[in-house]
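# Architecture and fold: a report
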Amino acid sequence: MKNILLVAMALFMAVPAFAKDGDALKYLPVQDGGRIKPYDSFSREMLEIVYGKTKYEGRAATEIVMTWMLSPQAWQDKKIFEVRNHQVLTSMNLPKDQRYFSGEELFASDRFNLLRQELQAKRETKEKLNPYFQALQRLENQYFVFQEIAAGRMLKIVPPKEGDAWIAVADMDATMQEKFMDFTKAFVNHIGAVAAASDTSATGKELDAKVAAFEEAAKANNPALYDHATKIKAEVHYNSFHPFRWAYIFYFLGFIVLLLVWTLKKESLMKAAWVFIGLGFILNTYGFVLRMYIMDRAPVTNMYETVVWVAWGTVVFAAILEIIYKFRLILVAGTLVGTFGLVIADFAPAVLDPTLQPLEPVLRSNYWLTIHVMTITISYAAFFLAFGLADIGLIYYLRGEEKFQKEIRAIVSGIYRSMQIGVAFLAPGIILGGIWADYSWGRFWGWDPKETWALIALLGYLAVLHARYAGFIKNFGMVVTAVITFSLVIMAWYGVNFVLGAGLHSYGFGAGGVEYVSAFVAAHILLVIYVGIVRRGKQTTQTTN
């Protein structure tokens, strides 16, 4: 597997050699966010902050963000600032049915400055910002990003002769300014040709040549700081290839084939299902390898990375249990959960930040980070598999408990094994977390909210396993508890970071998605109650008859 991934990576890394004319700008090194990244990543991230998407009216971020700097006045009346919070729209006297606004609509009035003062006063209290103030903070950040790019202060593309802080466009010397003007003129000619739908080969080649000349001049300033070509190419490839997106497409195809095997009893299709799942797994793993290569660290340092890691782990555990027990339903649940996790990660960038960010100082003990965080989160994968199996189990209970006894027993067996696997990882993960806490913060255990909720989740699952072993919980009880106890995992995994926002694990804090997660949990609790009522009604009817 390792050799396959390395060969695949080498082949994909060769793609830039066949890139179309005019693509050289994507590979221009930029210092931003504490690391060196390609202009492709920088522009995508900036457009995502301002507009909420990585393209504007079908045009690439590499074009849009550069024009913010070259001609900011042309964007004054363009509706590029995304505002979704209704309270903010009401406070600014803006229509609630509109999502995008121009800079003049948002920032020209005194109302925006008053709201910024209100936000600053709230920040000074050091309280966790509620969704309204989080939306205000995002709006302020959108304003800052656009203004700084327009002024040429944010795009840092020249390494210094001394030190580590790169030089922004606004601060470049006369020689570099001239080189920059050369390639921006070529850029304007190229996008003009693109807009006119004319032949772009000549303008593209000219742009590539001017960008290369600028890079040579910039590299001469400090060759040691400019040595990032291979990783720059890898990151541009990662951005364009979307390995996790391809992974969930193949997982979903595998799930569809498994549904046919499950419902139509077409065992001959199992080979096709394994092929699709295997391709999805390879692509999922390939995405991890790319992120590890680019960032020189394990890809489990933010919520986005843990979600795709949990999706990967769920498929692994489902495949192992399927090979052992051959229940089919375990693999159905595993591929469904894996698909769900990767789809959520792909379609919720405002909540699950997919950008490649450097580690916080407290996380730079890579050894303990890798062992502790990956062990904890892989346990969530096993619990998520149990949860997915429980959902299928609830459907069988609705369809008829007596009729589907065999399937229910198989599901319960899968739930029980999945919970055992989860506990086998979560318990040592918590202990290793204590070792890491002692190494990083000087204490083994401090009842930090993250530590506390991880312990609560562990105790919850241990209680279920012991109750099952003692015979206190029957089949229906296992299905129900697999759903209910997963809410403890959601609280430890998501709730502490995105709801409580308290404790020493501040590097993992985020905002957004609370209403969707709450609805997800509430819907499953209502489903459990509904199935319980229906089941009780059927049992009462049978007893009466």
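Note: the structure precedes this text.
Residues numbered from 1 in each chain as written. Predicted model: local features only at pLDDT ≥ 70, side-chain atom pairs only at ≥ 80, totals over all residues. Heavy atoms only, no water.

### Concerning the overall build of the protein chain
A count of helices and strands for the protein chain gives 19 helices and 8 strands. For 545 residues, the compact-globule formula gives about 24 Å, and the C-alpha radius of gyration of the protein chain, at 26 Å, lands near that figure. Considered along the principal axes of its C-alpha atoms, the protein chain spans approximately 90 × 55 × 50 Å. Classification of the 545 residues of the protein chain by burial places 48% in the buried group. Sequence separation of 24 or more characterises 69% of the internal contacts of the protein chain that already satisfy a separation of 6 or more. Total accessible area computed for the protein chain in this model is approximately 25,600 Å², and 61% of it derives from carbon and sulfur atoms. Charge centroids of the protein chain, computed over 52 positive and 47 negative side chains, lie 10 Å from each other. (Helix = DSSP H or I, 4+ residues; strand = E, 2+ residues; numbered from the N terminus. Rg over C-alpha atoms; globule rule 2.2 N^0.38 Å. Buried < 20%, exposed > 50% of the residue type's maximum accessible area, 1.4 Å probe, protein only. Contact = heavy atoms within 4.5 Å. Areas by Shrake-Rupley, 256 points an atom, 1.4 Å probe, with all protein chains shown as cover. Lys, Arg positive; Asp, Glu negative; His and termini not counted. Charge placed at Lys NZ, Arg CZ, Asp CG, Glu CD.)

### Some remarks on the packing of helix 3 (residues 61-70) against helix 8 (residues 174-195)
Close contact between helix 3 and helix 8 brings their axes to 11 Å; oriented N to C, the two are set at 125 degrees. With respect to helix 8, the axis of helix 3 lies oblique. As for the relative orientation of helix 3 and helix 8, their crossing is left-handed in sense. Along its contact with helix 3, which presents Thr-62, Glu-63, Met-66, Thr-67, Met-69 and Leu-70, the element helix 8 presents Phe-180, Phe-183, Thr-184, Phe-187, Val-188 and Ile-191. (Axes fitted to C-alpha atoms, helices over the stretch in contact; angles between N-to-C directions. Parallel < 35°, antiparallel > 145°, perpendicular 65-115°, else oblique. Left-handed = near helix turned anticlockwise from the far one by under 90°.)

### Quick notes on the pattern of salt bridges
A complete count under the given rule lists 19 salt bridges for this structure. Note that Arg-59 is salt-bridged to Glu-63, the shortest N-O span being 2.5 Å. When its relative accessible area of 16% is taken as the criterion, Glu-63 is described as buried. In the salt-bridge network here, residues are joined through shared partners; they are Glu-82, Arg-84, Arg-99 and Arg-138. (Salt bridge = Lys/Arg side-chain N within 4 Å of Asp/Glu carboxyl O.)

### Observations regarding the packing of aromatic side chains
Within the structure shown, the criterion is met by 40 aromatic pairs. Between Phe-244 and Tyr-304, the ring centres sit 6.4 Å apart and the planes meet at 70 degrees, which makes this aromatic pair edge-to-face. Separated by 60 residues along the polypeptide, Phe-244 in helix 11 (residues 243-264) and Tyr-304 in helix 13 (residues 303-325) bring together distant segments of the chain. Each member of the pair, Phe-244 as well as Tyr-304, carries the same accessibility label: buried. Of the aromatic side chains, those joined through ring pairs into one cluster are Tyr-51, Tyr-56, Trp-68, Trp-75, Phe-81, Tyr-100, Phe-107, Phe-112, Tyr-143 and Phe-146. (Phe/Tyr/Trp six-rings, centres within 6.5 Å; stacked < 30°, edge-to-face > 60°.)

### Some words on the pairing of strand 1 (residues 29-32)
Side chains of strand 1 alternate between two faces, with Pro-29 and Gln-31 and Val-30 and Asp-32 buried alike. Direction of pairing for strand 1 relative to strand 2 (residues 35-38): antiparallel, over a ladder of 4 bridges. Considered in strand 2, the bridge of Asp-32 is made with Arg-35. Linking two consecutive strands that pair antiparallel, namely strand 1 and strand 2, is a turn of 2 residues; a positive phi of about 65 degrees is found at Gly-33 within it. (Pairing = 2+ DSSP bridges.)

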